[in-house]
Amino acid sequence: MTESKSLKLYERAKKTLPGGVNSPVRAFEPYPFFVECAQGSKLYDADGKKYLDYCMAYGALLLGHANPEILDAVKAQLPRGTLYGTPTELEVQFAETISQVSPCMEMMRLVSTGTEATMHALRAARGYTNRKKIIKFDGCFHGSHDNVLVKAGSGAATFGTPNSLGIPQETTQNTIVLPYNDLEALENTFRAEGQNIAAVIVEPVMANVGLILPKADYLQNLRKITQTYGTVLIFDEIITGFRLALGGAQEYFGIKPDMATLGKVLGGGFPLAAFGGKSEIMQNISPAGKVYQAGTFSGNPVSATAGMTTLNYLSKNKTQLYPQLEKKASDLKKFLLDQATSYQLPVQVYSIASLYQLFFTAQDITNYDDAKHSNQTMFSAYFHELLKQGVFIPPSQYETCFISTAHTEDDLKFTTNALDCALKAVANTRTTP
């Protein structure tokens, strides 16, 4: 039997890359497959195996892999240069386009990653309010910078302790962590600390711990409370931006935050993100103001070209595109619930727009603590059986599945067959002595 090329590559990678990967979410047991190319809804690995992809680069590829329109636009830009270090008209056009479709983005700054976007958004909010404390929610992921790599301690509202080695506790002493969807905890915290809280940063839909939807009126109440206390409300739309709707969660839920961060879909498969919001806040960013932010690759013409092409496509096709994607996700949700019931498996399945996820638990999932009580062993069996069937989903229970415009009806038929096999395998494992 020929040894797997992916295994050989993994053994090589471990010698020069921590854990053999450049991001921990890419690792899974016994080893990850290594991709050689991708097209549309498919990945092709080093051993020649094809996978139907529902990871979609963790949500970035709304238009699928190697989208022809994006590739053509980028090819046209490349001979003109890849990086200038000077302003371009394209950056201005791109920012104007984002401002037109994203309700709160009156002014913005382009950056390269979601981590940069959230880090600078929080700095801008602190500079604007002249306050120190921020609120985040347990399980919401806002990148890998020090202020937000925090987990909750005991009690409903606790000052966070670092969730990673290398972060001094002093760095996170002004970060308050609350449970998502808990309005009472939010109100109590603002009564006690409201005048000191610079910003609340939130994933309007939690998509980094599986998929957790906001309760009715939760986001609306969050908006009212932050307005009452003069606190900057930041919607982290790195995932939800352009996925829930062209205007993201802001459009989907009808809520206008003070600031937002955008990424993933925004770049059309290239490194690109943005943070922005009210002009009165963003005017404090250097060189206009005294909140410093800079980046060599920010707004580079290749990424901006891919981003502009993506937004133009979404703008032209939004009337048909978003309802079609939502129906596909909803259909997969219904299929999973029906088949899990037939196999007597305890599951919760959630979907919104083009996102969906399954939890192996009988308990409704409304926050991260609920998610942590789902059955990880069953999910692992489910993931590996899907992989065997040629369907790739994010390896962790604490991620979300994504549908793209490249997923066809035939793809969905193939997927339902694979899902049935996976659920059946989990049921058989559960009943085996």
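Above this text sits the structure in question.
The rules behind these values
Residues numbered from 1 in each chain as written. Predicted model: local features only at pLDDT ≥ 70, side-chain atom pairs only at ≥ 80, totals over all residues. Heavy atoms only, no water. Helix = DSSP H or I, 4+ residues; strand = E, 2+ residues; numbered from the N terminus. Rg over C-alpha atoms; globule rule 2.2 N^0.38 Å. Buried < 20%, exposed > 50% of the residue type's maximum accessible area, 1.4 Å probe, protein only. Contact = heavy atoms within 4.5 Å. Areas by Shrake-Rupley, 256 points an atom, 1.4 Å probe, with all protein chains shown as cover. Lys, Arg positive; Asp, Glu negative; His and termini not counted. Charge placed at Lys NZ, Arg CZ, Asp CG, Glu CD. Pairing = 2+ DSSP bridges. Axes fitted to C-alpha atoms, helices over the stretch in contact; angles between N-to-C directions. Core = buried A, V, L, I, M, F, W, Y, C linked by side-chain atoms within 4.5 Å.

S.K.: When you look at the overall build of the chain in this model, what are you seeing that I'm missing?
M.R.: The secondary structure content of the chain amounts to 13 helices and 17 strands. Here the C-alpha atoms of the chain give a radius of gyration of 22 Å, agreeing with the 22 Å that 2.2 N^0.38 yields for 433 residues. With the C-alpha coordinates of the chain rotated into their principal frame, the extents come out at 65 × 55 × 50 Å. Out of the 433 residues in the chain, the part that is buried amounts to 54%. Here the analysis covers contacts within the chain between residues at least 6 apart in sequence; of these, 70% occur between residues at least 24 apart. Carbon and sulfur atoms form 51% of the exposed surface of the chain, whose accessible area is close to 19,100 Å². Both charge centroids of the chain, one from 39 positive and one from 40 negative side chains, sit 2 Å from each other.

S.K.: How should I be thinking about the sheet that holds strand E14 (residues 348-352) in this particular structure?
M.R.: In any sheet, the strands associate via hydrogen bonds between backbone groups, in a parallel or an antiparallel arrangement. One open sheet accounts for 3 strands, arranged E14-E15-E17; its pairing is antiparallel. Each of the sheet's edge strands pairs with one partner strand only, and the pair in question is E14 and strand E17 (401-402). As paired elements, E14 and strand E15 (residues 355-359) share 5 bridges and run antiparallel to each other. By the bridge assignment for E15, Val 349 is matched with Leu 358. The sheet contacts of helix H10 (residues 301-342) involve E14 and E15, and relative to E14 the element is tilted by about 175°.

S.K.: How should the nonpolar core be read in this particular structure?
M.R.: Most often, soluble globular proteins have nonpolar side chains that are buried together. Core analysis: the biggest nonpolar cluster contains 65 residues, and Tyr 54, Phe 242, Leu 314, Phe 360 and Tyr 382 have the highest contact counts within it. For this core, the element with the most residues is H10, which contributes 13 residues. Setting aside chain neighbours within four positions, we find Phe 360 in contact with Leu 345, Pro 346, Val 347, Ser 374, Asn 375, Met 378, Phe 379, Tyr 382, Gln 397, Leu 423 and Val 426. Val 200, Met 206, Phe 235 and Ala 249 belong to the second-largest nonpolar core, a separate cluster that totals 37 residues.

S.K.: Honestly, the environment of Ala 57 in this entry has me stumped. Any pointers?
M.R.: Relative to the assigned elements, Ala 57 resides in helix H2 (residues 56-59). The exposure class of Ala 57 is partly exposed, given its relative accessible area of 40%. Taking the C-alpha atoms as reference, Ala 57 lies 9.8 Å from Val 265; in sequence the two are 208 residues apart.

S.K.: Any chance you could explain the sheet that holds strand E3 (residues 50-53) here in plain terms?
M.R.: Read across the sheet, 4 strands follow the order E1-E2-E3-E16 without closing on themselves; strand pairing throughout is mixed. Edge positions in the open sheet fall to strand E1 (35-39) and strand E16 (391-392), since each of these has one partner strand only. Here E1 pairs with strand E2 (residues 42-45) via 4 bridges, running antiparallel. Within E2, the position partnered with Val 35 by the bridge is Asp 45.

It is worth stressing that arrangement in space is one thing and function is another; only the former is reported here.
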